[in-house]
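Breakdown of the fold
Each chain, written out:
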Amino acid sequence: MKFRLARLLVVAAAMLAIATPASAQFTTGRIDVTVTDSTGAILPGVVVDISGPQNQSATTDAKGEAHFLNLTPGIYTVSAKLQGFTDYMNRNVPVVAGGGVPLRVGMAVAGMATAVEVTAATPTIDPKRTTVSTNVTAAELQEVPSSRDPWVVLQTVPGIIVDRVNVGGAESGQQSNYQAKGASGGENTWNIDGVPITDMSALGSSPTYYDFDMFQEMQVTTGGADVNSATPGVALNFVLKSGSNTPHGSARIYFENEDMQGDNMPEDLRARLGGASKKGNRMNEYKDYGGEVGGPLWKDRLWAWGAIGKTDVVVQTLGGALDSTFLTNYSFKGTGQISQDLRSNFTYFRGVKEKFGRSVGPNRPKETGWNQGGPTELYKVEGNYVANDSLFLTARWAHVKGGFFLTPDGGLDTNMIFADDNGVGRFSWYEYRTDRPQDNLQAEANYFRGRHEIKAGFGYRTADVDSSYTVPGNAIMTYHAGYPSMIAEVTAWNQFTGVSASYTSGFLADTISFDRLTLNLGVRWDRQASSVNPFTQNGHPDFPTILPAKQGIAAEDAIVWNSLSPRLGFSYALTEDRGTILRGSYATFASQMNAGEASFFSSAGSFRGVYFYNVQDTNGNQTVDVSELAGRTCSDALVAEGVCNYYGFDINDPGQVGTPNHLIDDYSTPITHEVVFGLDHELMPNFGVSGNLTWRRFTNMNWRPVEGLDGNDYEQFGTFTGNTPAGTFTVPYYGAVNLPADRSRTHYNTRDGYSQRFLGFELAATKRLSNRWMARFGFSTNDHREYFDGPEAFGNPTPSPGSPNIDGGEVLRQTGGSGKSGIYMLLPKYQFIATGMYQAPWGINLAANYTARQGYATPFFQDRVPSGDPLGNLKTVLLVDEVGDHRLPMMNSLDVRLGKEFSFNRFRVNLDLDVFNALNANTVLGRQYNQRFGDPVSNQVLEIMNPRILRIGARFNF
């Protein structure tokens with residue numbers, strides 16, 4: 001009866017089979033115990049106990065196996081007892097997130113000795129691992145110098161590149177854009193304790209910021225065939241600390257200020273880039289302080305943990321203004337052992353960001369900077385039930401309350417200049433407000449029978465997004481075009497979106513274990529749907545004829561992606577001691593859908609606006625006034641004459657709301673095919689190395705060309721010759737010859753004939769903390785290219801910085817990270833990583849963190865090039881042939897720490913002296929690639945690495 005019930009539960013879970021893009025297996029670990037006697041014969045009926053962050057007991061089955069799943073990362077003690085045999089105990093079994101410990105226990109017939117205590121190291125290699133992942137433990141997070149945010153940790157993982165260099169926290173409080181192995185940043189996922197929290201409106205980004213000391217561990221996955229992996233992007237999983245029977249806690253403070261940093265500004269840049277200080281961007285003051293504590297409320301039954309942290313980052317910009325960011329975080333976790341078999345927890349997190357002066361820089365003076373605010377909250381409940389020694393069940397519910405606002409420092413009563421003749425914004429900027437709540441429900445099951453471990457799961461997730469934009473003053477954005485000649489962008493942006501999305505998915509997998517061979521067979525199904533909600537979009541009061549107010553109607557499940565993704569993998573132990581493992585896998589991944597994928601399908605449109613060219617500033621206030629547009633209108637005929645242009649609506653029927661102006665044609669779910677071959681080897685106790693060769697192909701990508709036009713509808717209109725630091729280039733530019741009746745209508749469909757290919761190799765080595773030292777090393781090389789099978793794969797074939805349009809050329813992506821622009825990320829041909837710590841005598845700790853990579857691209861281009869294209873006269877033209885041939889210099893950064901630890905029984909005090917950018921490198925990180933400005937503006941250095949800076953810190957632990 002018991003077996004029938006277990007089988008029924010597994011079958012039911014398989015039929016439901018719907019799981020969200022994260023699993024407990026990524027944020028918790030496991031111990032798999034196999035018990036044998038001295039002859040190697042299996043021993044069933046052995047009572048195995050584990051203690052540490054969690055306590056649990058199990059009895060070995062007919063195969064001599066006992067399994068402990070959903071374990072909080074940490075150090076465990078494993079003991080085994082069977083009458084007639086000596087007792088076994090291992091006090092040092094480290095469990096990491098997403099990892100398994102294959103513990104082989106040998107028990108001898110009882111004799112003179114009554115117990116055996118194992119002192120040998122626990123294996124560092126998991127023979128059943130199917131992912132390519134890196135675990136960053138609490139020891140590394142605390143002991144190795146870093147700028148104390150997750151994005152800095154990401155750049156220490158082989159294959160991941162980040163859009164900025166964070167020296168001593170100068171970039172903290174801003175999200176970095178990052179990518180790995182050809183997957184775009186929009187494929188990245190964020191998870192806390194098994195719950196996905198990714199911002200589904202800004203794909204790949206986090207909805208909040210974090211207190212660095214709330215993490216027990218961070219696990220970063222970049223590929224592999226595990227069915228829990230939903231997307232081909234980077235999966236970042238945080239494991240929060242928790243309470244235990246032993247009270248524990250910590251407090252810390254770190255401090256930097258302007259006097260503690262060097263000067264790395266070259267003399268030839270000091271006058272122009274040195275700013276008010278003549279030393280460039282400067283850290284004005286940095287403080288990171290807080291504490292956390294956990295322990296038992298009822299021993300062996302109820303535990304609690306909580307933390308409060310605050311990070312203040314004040315940076316002095318070139319103009320002398322202060323860019324201030326204040327992060328405050330609160331977190332709590334309560335855990336209860338309701339019975340021997342039932343464990344539950346509740347988690348609450350609140351992250352608050354306040355920022356003043358966001359995006360201020362050379363092209364965004366103080367008045368155009370944003371002031372940011374808005375909290376994010378997470379509520380999560382989880383239950384884990386051990387039905388018997390073979391069946392494990394998990395269920396979770398979570399709610400994320402996200403959203404924020406960006407308000408311009410110049411206010412909403414002032415007209416704004418988006419760009420003057422030098423590309424600099426003036427006077428004010430637009431405002432943005434958004435609410436982004438999410439709800440999530442998950443359930444999972446693991447069932448063991450014979451050689452098989454069956455995994456199944458289900459879940460459901462929703463994400464809503466309501467956003468509004470407000471252009472200040474007269475709702476007209478001004479562009480100088482040889483002032484006093486100007487370009488006016490008359491906007492109707494207010495309340496432009498109201499979308500919702502649902503994510504339903506599931507998996508079923510079987511891990512089949514033989515002697516040295518393990519097979520992993522699985523499949524996951526994903527359904528992602530984006531809907532448009534009804535909303536009101538205000539028009540422009542001074543141009544009601546072409547930009548009237550509109551009332552949008554709903555479009556439920558306007559776009560739906562369905563996918564069935566097979567996962568196949570194997571691992572084979574090449575040696576009897578399982579010290580060398582050969583791995584291989586094939587997997588397909590569905591792309592991650594933006595909640596606003598269907599936002600364009602609103603009957604009210606999305607962004608709407610009209611450009612008027614050659615507007616003269618008659619009153620000398622440098623911005624376009626409504627009176628200076630008196631008598632102006634726009635039509636297709638005037639567009640053809642170069643007088644105006646429009647977007648987001650049909651100029652021939654501007655008030656149309658009956659049906660969406662855009663069309664949804666035949667489309668597909670974007671798919672990534674991946675093949676990985678890897679080799680893991682335990683070089684010595686506690687030291688493992690791993691190499692992985694990865695091939696990927698990205699297909700079925702969707703796009704929205706005007707009326708479905710492709711490269712067959714364009715012809716070369718001429719050539720443009722430009723001069724760049726890389727030489728003189730003659731570049732063809734193209735225009736549309738098959739003109740559509742409605743130039744504002746787009747068609748959502750599959751981009752036939754277009755694909756991308758990634759090929760890369762990475763080498764990683766991890767030394768666990770033992771014998772007074774720990775370290776991680778990494779190397780990667782990458783090649784990412786795009787392919788066009790014919791004219792149908794192109795849009796406008798004119799090469800641009802966003803689309804070089806070269807068959808077989810390298811893929812170039814412009815960053816979209818917060819507070820950073822003009823960075824063109826091109827995967828590096830080489831990347832080196834080394835982090836580590838050594839415990840010297842007398843309580844002295846020495847640690848370092850070194851990263852180096854090939855520089856990003858320098859895609860010289862020129863914008864506003866007249867082309868005669870009726871669909872857009874002014875073109876942005878790329879002026880280099882191969883973007884990979886023109887790069888910034890190599891980036892290398894070295895951070896070091898000298899620490900002193902004082903111990904008093906269970907209490908420890910650490911004093912830390914950290915030096916960031918210890919080499920005081922002044923590597924160029926950005927230039928002015930737009931050649932329109934001519935000498936001396938073109939190719940000017942816009943950014944270099946922040947100078948060397950000293951940070952002092954004190955940590956208290958018990």
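Further up the page is the structure itself.
All residue numbers refer to position in the chain's written sequence, counted from 1. Thresholds applied to this predicted model are a pLDDT of at least 70 for local features of residues and 80 or more for the giving and counting of side-chain atom pairs; totals over whole chains, interfaces and linings are not thresholded and use all residues. Only hydrogens and water are removed before side-chain values are computed, so all heavy atoms of the structure are retained for them.

Attention shifts here to the state of the cysteines. For this text, the term disulfide refers to a pair of cysteine sulfurs within 2.5 Å. Applying the stated criterion across every chain, the model contains 1 disulfide. Disulfide pairing is shown between Cys-634 and Cys-644; the S-S distance is 2.2 Å. Because the sign of the S-S torsion sets the handedness, a value of about 90 degrees for the bond joining Cys-634 and Cys-644 places this disulfide among the right-handed ones. Here Cys-644 lies in strand β36 (residues 644-647) and Cys-634 lies in the loop between β35 (608-616) and α6 (636-640), a separation of 10 residues in the sequence. Assigned by exposure class, Cys-634 and Cys-644 land together as buried. Under the DSSP-based scheme used, a helix requires at least four consecutive residues in state H or I and a strand at least two consecutive residues in state E, with every element numbered from the N terminus. Residue exposure (1.4 Å probe, protein chains only): buried if accessible area is under 20% of the type maximum, exposed if over 50%, otherwise partly exposed.

This next bit is on the pairing of strand β34 (residues 580-590). β34 sits mainly inside the fold: 9 of its 11 residues count as buried. A pair of strands is labelled paired if DSSP reports no fewer than 2 bridges between them. Examined bridge by bridge, β34 and strand β38 (residues 671-684) share 11 bridges and lie antiparallel to one another. Bridge assignment links Arg-583 to a residue of β38, and that residue is Gly-678.

The next subject is the sheet that holds strand β37 (residues 663-664). Pairing is mixed in the open sheet, where 3 strands are placed in the order β37-β43-β40. The outermost strands of the open sheet, each flanked by one partner alone, are β37 and β40 (702-703). Note: β40 against strand β43 (residues 747-750), 2 bridges, orientation antiparallel. Bridged to Trp-703 within β43 is Asn-749.

Residues Ile-160, Tyr-210 and Phe-215 are the most contacted members of the largest nonpolar core, which totals 32 residues. Every element with two or more residues in this core is listed here: α4 (150-154), β10 (160-162), β11 (178-180), β12 (189-192), β14 (215-224), β15 (235-240), β18 (302-316) and β23 (391-408). The contact criterion used is simple: two residues touch if any of their non-hydrogen atoms lie within 4.5 Å. Once residues lying within four places of it in the same chain are set aside, the contact partners of Ile-160 are Leu-154, Gln-155, Tyr-178, Gln-179, Ala-180, Val-220, Thr-222, Val-234 and Gln-831. Each nonpolar core is a collection of buried residues, namely Ala, Val, Leu, Ile, Met, Phe, Trp, Tyr and Cys, held together in the definition by side-chain atoms within 4.5 Å.

Each salt bridge in this description consists of a side-chain nitrogen of Lys or Arg and a carboxyl oxygen of Asp or Glu lying within 4 Å of one another. Going through the model one piece at a time under the given rule, you end up with 52 salt bridges. Notably, a salt bridge pairs Lys-181 with Glu-762, separated by 2.5 Å at the nearest N-O pair. Highlighted residues: Lys-181 in the loop between β11 and β12 and Glu-762 in strand β44 (residues 754-770), separated in sequence by 581 residues. According to the relative accessible area criterion, Lys-181 is buried, its value standing at 3%. Three or more residues joined by partner-sharing salt bridges are found here, namely Glu-143, Arg-897, Asp-912, Asp-914, Arg-951 and Arg-955.

With that settled, consider a negative patch on the surface. Only residues above 30% relative accessible area that lack a salt bridge enter a patch, with like-charged residues linked at up to 9 Å and the nonpolar side chains Val, Leu, Ile, Met, Phe, Trp and Tyr linked at up to 5 Å. Residue exposure ignores everything except the shown protein chains as possible cover, and the areas themselves are Shrake-Rupley values with a 1.4 Å probe. Neither His nor the chain ends contribute to the count of charged residues, in which Lys and Arg are positive and Asp and Glu negative. Just so you know, the charge point we use is NZ for Lys, CZ for Arg, CG for Asp and CD for Glu. Taken together, the side chains of Asp-435, Asp-439, Asp-464 and Asp-466 define an acidic patch exposed on the protein surface. Among the elements of the structure, β25 (431-449) and β26 (452-470) are those that each provide at least two residues to the negative patch. Within the secondary structure, Asp-435 is located in strand β25.

On to the sheet that holds strand β27 (residues 476-480). Read from one edge to the other, the open sheet built from 5 strands follows the order β24-β27-β28-β35-β36, with strand pairing classed as mixed. Of all strands in the sheet, those with a lone pairing partner are β24 (416-419) and β36, marking the two edges. On average, each strand axis in the sheet is tilted by 25 degrees relative to the strand beside it, whichever way the strands run. Summarising the sheet, strand β28 (residues 485-492) and β35 pair through 7 bridges and their orientation is antiparallel. For helices, the axis comes from a line fit to the C-alpha atoms of the stretch in contact; other axes are also lines fit to C-alpha atoms, and the angle between any two N-to-C directions lies between 0 and 180 degrees.

Along the chain, Asn-329 turns up in strand β19 (residues 322-337). Looking at Asn-329, the relative accessible area reads 3%, which means it is buried. Not counting residues within four places of it along the chain, the set of residues in contact with Asn-329 comprises Tyr-209, Tyr-210, Asp-211, Ala-307, Ile-308, Gly-309, Phe-349, Arg-350 and Gly-351.

With that settled, the discussion passes to a nonpolar patch on the surface. On the surface, a nonpolar cluster with roughly 530 Å² of combined accessible area is contributed by Phe-332, Phe-346, Val-381, Trp-397, Leu-441 and Tyr-460. Inspection of the secondary structure puts Tyr-460 in strand β26. Judged by relative accessible area, which is 40%, Tyr-460 ranks as partly exposed.

Turning our attention to the environment of Ser-172. Within the fold, Ser-172 resides in the loop between β10 and β11. With 21 residues separating them along the chain, Ser-172 and Trp-151 place their C-alpha atoms 8.8 Å apart. The residues contacting Ser-172, other than those within four sequence positions of it, are Ser-147, Asp-149, Asn-166, Val-313 and Thr-325. Any pair of nitrogen or oxygen atoms within 3.5 Å is treated as a polar contact; in protein, a donor-acceptor pairing is required on top of that, and neighbouring residues in sequence qualify only through side-chain atoms on both sides. Polar contacts involving the side chain of Ser-172 include one to the main-chain carbonyl oxygen of Ser-147, which spans 3.4 Å.

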